[in-house]
Amino acid sequence: MADPPTLTELQRRFFALITGAESVAKELAASGIPESELAAIVAGDARASAAGRLDVYANMYFFRILDVLRADYPKLVAVLGDDAFHDLATDYLQAHPSRHPSLRFVGAALPGFVAGSARVAERQWLGELAALEWARVDVFDRADAPVLDRAALAALAPEDFGALVLAPVPASALVPARFAIEDVWRAVEAGAEPPEAAPAEPGHAVLVWRKDVTVHHRAVTPAEARAFGQLGSGTTFGALCAALAESEGSERAAAELAARCLGQWLADELLARGSQ
């Protein structure tokens, strides 16, 4: 008589069966494992066979993850509809099964997957809409930081302004977008019929950030997107002006753009306060 499986082997088999793409019975058949072998370790009865009982866990596993994806991507669900999103999520989980102990990260690869999915090939903007939704999820969990305010700027001598350190708060992200996905997001949020996203001008992007416990986003011009992209993990106002001079055509135009952006970023509380 063969030795019973070890606990590790039993756990491995259990996990493979409940996370398979098909029903437990079909997964057993595909693996060449007779149901009698499963029945030796999982008790069945008149109400449900061993495979039927494991199917309960398999369904719970899938639908729990599906619920998480729906919560992270409500606008994508609204645009696609429940059935189409269910099918998309099924494809996604087969390609990107959950590998992290926390379901917080299960949807991280969905924007890229949507962008390459044949199911939505004619609506390329859906990948960008998903990217916006994931950015909103992601910045919510990022670290807090004290913000730079106008009082700190008022305390600077004019000759020290070029050395002003500019760094984005950790809870911020810039989402490049070839389409006006913010219009789709706004329509769904208002309960209106979501439109097809219109093409946006080159360099268009959506800026996402968290202020206290509320996540915000707004579309930014290509010029502001370039400016925000120059911040990286930190730069100075003088270095920002110098970096923008080439794209803006002159040092004066670059300084004016940097000043406008600085005013808006201060109002939005997008800049972290560091050692100035």
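Residues numbered from 1 in each chain as written. Predicted model: local features only at pLDDT ≥ 70, side-chain atom pairs only at ≥ 80, totals over all residues. Heavy atoms only, no water.

Enquirer: Now, about the sheet that holds strand β2 (residues 172-176): what can you tell me, with residues and values included?
Expert: If you walk across this open sheet you meet the three strands as β2-β3-β4, and the pairing is antiparallel. A strand with exactly one partner marks an edge of an open sheet, and here the two such strands are β2 and β4 (214-220). Across this sheet, the average inter-strand angle for adjacent strands is 20°, counted without regard to direction. Sheet analysis places β2 next to strand β3 (residues 205-211), joined by five bridges and oriented antiparallel. Counted as the bridge partner of valine 175 is valine 206 from β3. (Pairing = 2+ DSSP bridges. Helix = DSSP H or I, 4+ residues; strand = E, 2+ residues; numbered from the N terminus. Axes fitted to C-alpha atoms, helices over the stretch in contact; angles between N-to-C directions.)

Enquirer: I'd like a description of the nonpolar core, backed by residues and values.
Expert: Counting 42 residues, the largest nonpolar core has Leu76, Phe85, Trp125, Leu126, Leu129, Ile181 and Val208 as its most contacted members. Of all elements in the fold, only α4 (50-72), α5 (74-80), α6 (82-95), α7 (110-115), α8 (125-141), β2, α10 (181-189) and β3 reach the threshold of two or more residues within this core. Per element, the largest residue contribution to this core is nine residues, and it comes from α8. Here tryptophan 125 is in contact with Val79, Phe179, Ile181, Val184, Pro195, Glu196 and Ala197, once residues within four sequence places are set aside. (Core = buried A, V, L, I, M, F, W, Y, C linked by side-chain atoms within 4.5 Å. Buried < 20%, exposed > 50% of the residue type's maximum accessible area, 1.4 Å probe, protein only. Contact = heavy atoms within 4.5 Å.)

Enquirer: Explain α10 to me, using residue names and the numbers behind them.
Expert: Think of an α-helix as turning once every 3.6 residues; residues three or four places apart then point the same way. When α10 is considered as a whole, its buried residues turn out to be Ile181, Glu182, Val184, Trp185, Ala187 and Val188. Residues of α10 that are buried sit in contact with α5, α8, β3 and β4. Just downstream of α10 lies glycine 191, where phi reads positive at about 80°.

Enquirer: Describe the packing of helix α12 (residues 237-248) against helix α13 (residues 251-268), and please don't skip the residues or the numbers.
Expert: Where α12 meets α13, the axes come as close as 7 Å, and the angle between the chain directions of the two elements is 125°. Taken together, the axes of α12 and α13 are oblique relative to one another. Seen along the crossing, α12 lies across α13 with a hand that is right-handed. Together, Phe237, Leu240, Cys241, Leu244, Ala245 and Glu248 of α12 and Glu251, Ala253, Ala254, Ala255, Leu257, Ala258, Ala259, Leu262 and Trp265 of α13 make up the contact between the two elements. Here the contact of α12 with α13 is built from residues that sort into 13 nonpolar, no polar and two charged. (Parallel < 35°, antiparallel > 145°, perpendicular 65-115°, else oblique. Left-handed = near helix turned anticlockwise from the far one by under 90°. Nonpolar A, V, L, I, M, F, W, Y, C, P; charged D, E, K, R; others polar.)

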